Amino acid sequence: MNIKKKYYNIEWFDKNFYIDNLGNLNILINKKKKIKINNLINNKNKNKLPIKFCFPQIINKRIKLINIKFKIYIKKYKYNGKYFFVYPTKVNQQPYIIKYITKYNKYNIGLESGSKAELMNILINTKNKIKILCNGYKDITYIHLAYIATKIGHKVFIIIEKFKEIKYILKYIKNKNFELGIRIKLNYLEINQNKNKSQFKFGLTSTQLIKIIKILKKKKIEKKIKILHCHIGSQINKINYICKYLKEFIRIYIDIFKLFNIKIKFLDIGGGLAVNYNNIKNKNYNIDIYISNILKLIIDMCKKKNISTPNIITESGRYITAHHEFLITNIINTEINNFKKIKNPYNNKYINKNKKTIIEIWNIWNNIKKKSFSIKIIKKKLNKIKQKFQNGKYNIYEKSWIEKIYINILIYIKKNKKIKNNNNFLYNINSYISNKVHLNFSLFQSIPDNWGIKQIFPILPIEKLNNKIFKNINILDITCDSDGKIDKYINKNYISNTLKILKYNINNPPKIGFFMIGAYQNILSNIHNLFGNVETYIINIIKKNKFKIKLLNKHENILNIIKKIKINKKEINIFFNKYKKNIYIYKNIKKILNNKTYLN
Ligand code: PLP
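Our subject in this report is the structure included herewith. Everything numeric here is computed off the predicted structure, so don't read it as measured data.

**A few points about the site of the ligand**
Here is step 1: If you check the shell around the ligand, you find 16 residues, and the closest are Ser234, Glu315, Gly317, Arg318 and Tyr520.
Here is step 2: Lys90 is positioned with one of its side-chain polar atoms (N or O) 3.3 Å from an oxygen atom of the ligand.
Here is step 3: Here an oxygen atom of the ligand sits 2.8 Å away from a polar atom, N or O, in the main chain of Gly317.
Here is step 4: Within the complex, 92% of the 400 Å² of free accessible area of the ligand lies under protein.
Here is step 5: Residue composition of the shell around the ligand, by class: 2 nonpolar, 9 polar and 5 charged.

**Thoughts on the sheet that holds strand E22 (residues 535-543)**
Here is step 1: Strand order across the open sheet formed by 6 strands is E16-E21-E13-E4-E22-E23, with mixed pairing between neighbours. Strands at the two margins of the open sheet, each flanked by one partner only, are strand E16 (459-461) and strand E23 (546-553). For this sheet the average axis-to-axis angle between neighbouring strands, irrespective of direction, equals 30°.
Here is step 2: Against the sheet, helix H3 (residues 56-76) touches strand E4 (51-54) and E22, its axis set at about 60° to E22.

**Let's talk about the side chain of Thr479**
Here is step 1: Tracing the sequence through the fold places Thr479 in the loop between strand E17 (470-476) and strand E18 (489-490).
Here is step 2: A relative accessible area of 9% means that Thr479 is categorised as buried.
Here is step 3: Of note is the side chain of Thr479, whose polar atom sits 2.9 Å from the side chain of Asp477.

**Quick notes on the pairing of strand E6 (residues 110-113)**
Here is step 1: Both faces of E6 are covered, namely the face carrying Gly110 and Glu112 and the face carrying Leu111 and Ser113.
Here is step 2: Bridge count between strand E5 (residues 83-88) and E6: 3 bridges; the pairing is parallel. From the neighbouring strand, Tyr87 faces E6, where its bridge partner is Leu111.
Here is step 3: As for the winding sense of the linkage, the β-α-β connection from E5 through helix H4 (residues 95-104) to E6 is right-handed.
Here is step 4: Pairing of E6 with strand E7 (residues 131-134), which is carried by 3 bridges, proceeds in the parallel orientation. Following the sheet pairing, Leu111 is matched in E7 by Ile132.
Here is step 5: Remark: the E6/helix H5 (residues 116-125)/E7 crossover connection has right-handed handedness.

**Focus on the environment of Ile51**
Here is step 1: Looking at where Ile51 falls in the secondary structure, it is placed in strand E4.
Here is step 2: For Ile51, a relative accessible area of 0% gives the class buried.

**A closer look at the packing of aromatic side chains**
Centre distance and the angle of the planes are the two values used to describe a pair of aromatic rings.
Here is step 1: Counted by the stated rule, this structure contains 26 aromatic pairs.
Here is step 2: Geometrically, the ring pair formed by Phe576 and Tyr586 is edge-to-face, given 5.6 Å between the ring centres and 80° between the ring planes. You can see Phe576 sitting in helix H20 (residues 569-578) and its partner Tyr586 sitting in helix H21 (residues 583-593), a full 10 residues away along the chain.
Here is step 3: Assessed through its relative accessible area of 7%, Phe576 is described here as buried.
Here is step 4: Take Tyr586: its relative accessible area is 19%, and that puts it in the buried class.
Here is step 5: Three or more aromatic residues link up through ring pairs in this structure, and these residues are Phe17, Phe53, Phe55, Phe326, Phe515 and Tyr537.
Here is step 6: When the ring centre of Tyr319 is taken as origin, the NZ or CZ atom of Arg62, which lies over that ring, is 4.2 Å away.
Here is step 7: In this structure, Lys211 packs its charged tip against the face of Phe163, placed 4.7 Å from the ring centre.

**Comments concerning the environment of Glu463**
Here is step 1: Summarising the element assignment, Glu463 is placed in the loop between E16 and E17.
Here is step 2: Distance from Glu463 to Leu502, taken between C-alpha atoms, is 9.8 Å for residues 39 residues apart in sequence.
Here is step 3: If we skip the residues at most four places from it in the chain, Glu463 touches Gly23, Asn24, Asn38, Leu502, Pro510 and Lys511.
Here is step 4: Among the polar contacts listed, one links the side chain of Glu463 to the backbone nitrogen of Lys511, at a separation of 3.3 Å.

**Quick word on the sheet that holds strand E14 (residues 331-335)**
Here is step 1: If you walk across this open sheet you meet the 4 strands as E14-E15-E17-E20, and the pairing is mixed. In the strand order of this sheet, the two ends are held by E14 and strand E20 (499-502), each with one partner. Sheet twist, expressed as the mean angle between neighbouring strand axes with direction ignored, is 40°.

**Observations regarding a positive patch on the surface**
Here is step 1: Taken together, the side chains of Lys64, Lys71, Lys75 and Lys106 make up a positively charged region of the molecular surface.
Here is step 2: Mapping Lys64 onto the fold places it in helix H3.
Here is step 3: Taking the relative accessible area as the measure of exposure, Lys64 reaches 41% and is therefore partly exposed.

Thresholds applied
- Residues numbered from 1 in each chain as written.
- Predicted model: local features only at pLDDT ≥ 70, side-chain atom pairs only at ≥ 80, totals over all residues.
- Heavy atoms only, no water.
- Near = heavy atom within 4 Å.
- Polar contact = N/O pair within 3.5 Å; in protein donor to acceptor, adjacent residues only side chain to side chain.
- Areas by Shrake-Rupley, 256 points an atom, 1.4 Å probe, with all protein chains shown as cover.
- Nonpolar A, V, L, I, M, F, W, Y, C, P; charged D, E, K, R; others polar.
- Pairing = 2+ DSSP bridges.
- Helix = DSSP H or I, 4+ residues; strand = E, 2+ residues; numbered from the N terminus.
- Axes fitted to C-alpha atoms, helices over the stretch in contact; angles between N-to-C directions.
- Contact = heavy atoms within 4.5 Å.
- Buried < 20%, exposed > 50% of the residue type's maximum accessible area, 1.4 Å probe, protein only.
- Right-handed = clockwise from strand over helix to strand, strands pointing away.
- Phe/Tyr/Trp six-rings, centres within 6.5 Å; stacked < 30°, edge-to-face > 60°.
- Lys NZ or Arg CZ within 6 Å of the ring centre and 35° of its normal.
- Patch = residues over 30% accessible without salt bridge, like charges linked within 9 Å, V, L, I, M, F, W, Y side chains within 5 Å.
- Salt bridge = Lys/Arg side-chain N within 4 Å of Asp/Glu carboxyl O.
- Lys, Arg positive; Asp, Glu negative; His and termini not counted.
- Charge placed at Lys NZ, Arg CZ, Asp CG, Glu CD.

Keep in mind that these numbers describe shape and distance, not what the molecule does.
Given below as structure tokens:
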């Protein structure tokens, strides 16, 4: 059997990565443009891990894919309307992405902003005239800035989210490049049983929608409404969930035409197109099913009411950006949990062999191969010893001796599956006895969604993936926070509390990659424990194993990061002045302040 297929099913990378015959992970733009990830970490960068790599070409590839797929299905179903992609900048606002997307703009892509600052980011980083959709809560300044964007030459659509926005909008409405959209609050009448999915946050209820349309009609500006918008949520795994809400949405589109005689030009169905963070089949559709369901639904519903179909906009963020960024870091320490050598208590002067629990545990361990036993009893005994230790009745040698036996028993159970009908216990043993691997990264800086919403990201060594011997590990970061560890991992086709990784020589451990971190992680990342940005490079692959590399940002140094907690320059200078005469302190601290926040 092909070992790399057996253990490393990387289907979830959606054809953006592959493992070559030598077991190296490669990134793939197309047949000619591919690169071994290890090649990116050349000698120059070797000591600078962790490093983040960004591949705008992957963004391009995915934008192209979604546009081509819509084109194919529009033709297939004879859909009367066009498709436009709008990039929701909130998913990853970095200027290089905005610049990259809008540079050639072959697909007439628009950009979406959710705040004044996001709109400003768009204005600064786009050279060409584009469509801008202004979402989010709006005050008078946001709308004013949107109006200024029309003066620069962009076409702006103010998507009304809240009723009171209308009063700010009227001031600028006469401008021909200043258009309107309306965001709809779906499932308003639904009381959701699922605690995690509360009612939709944004948009107008049907009552507010009717009221706004009447106001606009009265002022004879109702034709300014060009977009009807909804956003169901992010990472929606089930196509029937998407269709259920779209039905409600399309009905509103139809009624706006039938009852108010307003033909809305664009139906903007927002984001939500899910990606495969794993290959566990919880996502029940692919891009083809997504598009064909949307088109068929609109065609079907519009046909029944004899109304023409609108142009379609989608705002898929995660689907476009998730794959294009990954982080590579190094293992800095491995705590191995192997069988421990247990000394006979009768030969150990620190262990009192007359104590009842000591004798009992020793007997269990000695007879483990012969008898079956209850782990409950062992656990009880261990707790008793903990208590007795606290009360001063057992010494630290005795405690250590018992702990070693306990680990040995667990390893033995794991190997021999001694405990029947207790899968849960076996599952938990896994992470208890796994190797604890410390990686040079901060979970809060690099994969904050793992902490915040328990998102499981693909984690993989980038080399030697054809190795046959595996070990269970648990990953810990270098923050001093007990939450800075990863509890759930994606293995071959299941989620587990340990990661199966090739067995490695601890003096020469493999580099580890965190993949699909290009959506939301960059901007949600925080400086918890004062770990800063990691060094980031933009890569442009020219041909096989040939690439251009550009430094986006350097590792954040200590000086920079302490400034972020508002230690101002003056205070830093006062500190230095105090030690000016002590050359040793002065010189060395100055040097250390320029050190990166990660381990060297
Ligand atoms: N559009 C709007 C209005 C959003 O609020 C979001 C995300 O929050 C998106 C698009 C992007 O969603 P996704 O990344 O799931 O495609």
